[in-house]
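Examination of the molecular architecture
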Amino acid sequence: MRAKGVGYAIISSATFGLIPLFSVTAMNGGQSPYSVLFYRFLISVILFRLVLFIRKTSLKISLRQLIEVVILGGLCYGGTALFLILSYKYIPTGISTTIGFLYPVMVALIMLVIFKQRPNIGIVLAIILSLAGVLLMTWSHDASFNAKGVIFATVTVVTYSIYIVGLNKSSLTRLPGSVVTFYVLSVSTIFFFAAAMLSCGIPTIQNINVGINLVCLAIFATIISNLTLVLAVNEIGSTAASVLGSAEPLTALLIGVFWFDEQLNMLQIIGVALVICSVILVVIRTDQIVLLLKKWRGKF
């Protein structure tokens, strides 16, 4: 497995995990979920367009690729961002993000059923461990499991899985990762501008603290996370990149504990350990795993 792709996937998932830190803080400062998302993507587009202009990157795109980026960027990625932030209103942020991390299973199922691509033994074991870890991380006697929040978080599993598979199987793979990222952010900006205007409007940024959080949300949890995700999918494929996304719930869970005073029990700590093990399994080459299993069976 390419080390570069593994690094991109871990960076992407870790920065995605920062979403609750910046978005919840901005909402506590008077912003609505829709306006937070609008500002997030608007600032991202402006900053990222400036970078592409300095680098003199061509933004040429075909009609087919434009249609694909509208579907993936607006409906899938935009839908994921929307339902994730809406779920924060009903269930703890760390729990919401860990529920969303069930998407590697959905990605593997899509690749198997639609594209007949069977995951290797390392990926299968990693999925099992990550599933067990996520289930343990979501177990908390103190958490209030509002049904609406759980449903919102579960919707992100489907939309984000389609987004990752789409990046890998569409004609967008022929575009540079920076160009795909720019168009995904642009489509999401338009999507959330319309959503905000149809709901409660777009309030102004009231203070510098809210502004700083929105800028950080745009840079770390949007530009960096999206760009490295596209690069990771291109390097190591959809399934491996999705399993390596385990750093996202870990980051979100730790932020929930240390920043928002959410509780972390022993079962959740064990879940964190299992998720880390799943990452290690993905990084280890498949043939090494098979060799270890053969040696283990030979002892009995």
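Attention in this report is confined to the structure presented alongside it. Starting afresh in each chain, residues are numbered from 1 along the sequence in its written order. Under the rules for a predicted model, residues below a pLDDT of 70 receive no local features and side-chain atom pairs below 80 are neither given nor counted, while totals for whole chains, interfaces and linings still include all residues. Side-chain numbers come from the whole structure's heavy atoms, not from hydrogens or water.

1. Overview of the packing of aromatic side chains
Only the six-membered ring of Trp is used, alongside the rings of Phe and Tyr, when aromatic pairs are assigned; centres must lie within 6.5 Å, and planes under 30 degrees apart are stacked while those over 60 apart are edge-to-face, with the rest tilted. Evaluation of the coordinates by the stated rule reveals 12 aromatic pairs. Measuring from ring centre to ring centre gives 5.9 Å for Phe16 and Tyr160, while their planes differ by 85 degrees; the resulting arrangement is edge-to-face. Residue Phe16 is located in helix α1 (residues 3–16), and its partner Tyr160 is located in helix α8 (residues 147–169); the two are separated by 144 residues in the primary sequence. Side by side, Phe16 and Tyr160 carry an identical accessibility label, which is buried. Numbered from the N terminus, helices here are DSSP runs of H or I no shorter than four residues, and strands are runs of E no shorter than two. Under the scheme applied here, a residue whose accessible area is under 20% of the maximum for its type counts as buried, over 50% as exposed, and between as partly exposed, the area being computed with a 1.4 Å probe on protein chains only.

2. Some details on the pattern of salt bridges
Salt bridges, as used here, are contacts in which a Lys or Arg side-chain nitrogen is within 4 Å of a carboxyl oxygen on Asp or Glu. All told, the structure shown has one salt bridge when counted by the stated rule. Glu68 is the salt-bridge partner of Arg64, the closest N and O atoms lying 3.2 Å from each other. Taken together, the positions of Arg64 and Glu68, both in helix α4 (residues 63–87) and four residues apart, correspond to about one turn of that helix. The exposure class of Arg64 is exposed, given its relative accessible area of 53%.

3. Quick look at helix α6 (residues 103–113)
All buried positions along α6 are accounted for by Tyr103, Pro104, Val107, Ala108, Ile110 and Met111. Angularly, the buried residues of α6 cover 160 degrees about the axis, an arc narrow enough to put them on a single face. To be clear, the arc concerns the directions from the helix axis to the C-beta atoms.

4. A look at the side chain of Ser170
Note on placement: Ser170 falls in the loop between α8 and α9 (177–199). For Ser170, a relative accessible area of 13% corresponds to the buried category. In this structure the side chain of Ser170 is engaged in a polar contact, spanning 2.6 Å, whose partner is the backbone oxygen of Gly166. It only takes one pair of heavy atoms within 4.5 Å for two residues to be counted as in contact. Look past the residues within four positions of Ser170 in its chain and what remains in contact with it is Glu68 and Leu72. Pairs of N or O atoms within 3.5 Å make up the polar contacts considered here, provided that, within protein, one atom can donate a hydrogen while the other can accept it, and that residues adjacent in sequence are counted only when both atoms are side-chain atoms.

5. Structural notes on unusual backbone geometry
For Lys56, which is not glycine, the phi torsion reads 55 degrees and is therefore positive. Examined against the element boundaries, Lys56 turns out to sit in the loop between α3 (33–54) and α4.

6. Digging into the environment of Gly271
Summarising the element assignment, Gly271 is placed in helix α13 (residues 266–283). Each C-alpha atom of the pair Gly271 and Leu131 lies 9.0 Å from the other, and the pair is 140 residues apart in sequence.

7. Re the packing of α1 against helix α10 (residues 208–236)
Angles run from 0 to 180 degrees between N-to-C directions of axes, and those axes are lines fitted to C-alpha atoms, restricted for helices to the stretch in contact. Relative orientation of the contacting elements α1 and α10 amounts to 150 degrees, with a least axis distance of 7 Å. Classified by the angle their axes make, α1 and α10 are roughly antiparallel. In this structure, α1 meets α10 at a crossing whose hand is left-handed. Contacts between α1 and α10 involve Lys4, Gly5, Val6, Tyr8, Ala9, Ile11, Ser12, Thr15 and Phe16 from the first element and Phe220, Ala221, Ile224, Ser225, Asn226, Thr228, Leu229, Leu231, Ala232, Glu235 and Ile236 from the second. Following the grouping adopted for this structure description, the nonpolar residues are Ala, Val, Leu, Ile, Met, Phe, Trp, Tyr, Cys and Pro, the charged ones are Asp, Glu, Lys and Arg, and the polar ones are all others, Gly among them. Grouping the amino acids of the contact of α1 with α10 by side-chain chemistry returns 12 nonpolar, six polar and two charged. Geometric relationships in this document are graded by angle, where less than 35 degrees denotes roughly parallel, more than 145 denotes roughly antiparallel, 65 to 115 denotes roughly perpendicular, and other angles denote oblique. Take the far helix as your reference; a near helix turned counterclockwise from it by less than a right angle gives a left-handed crossing, and one turned clockwise gives a right-handed crossing.

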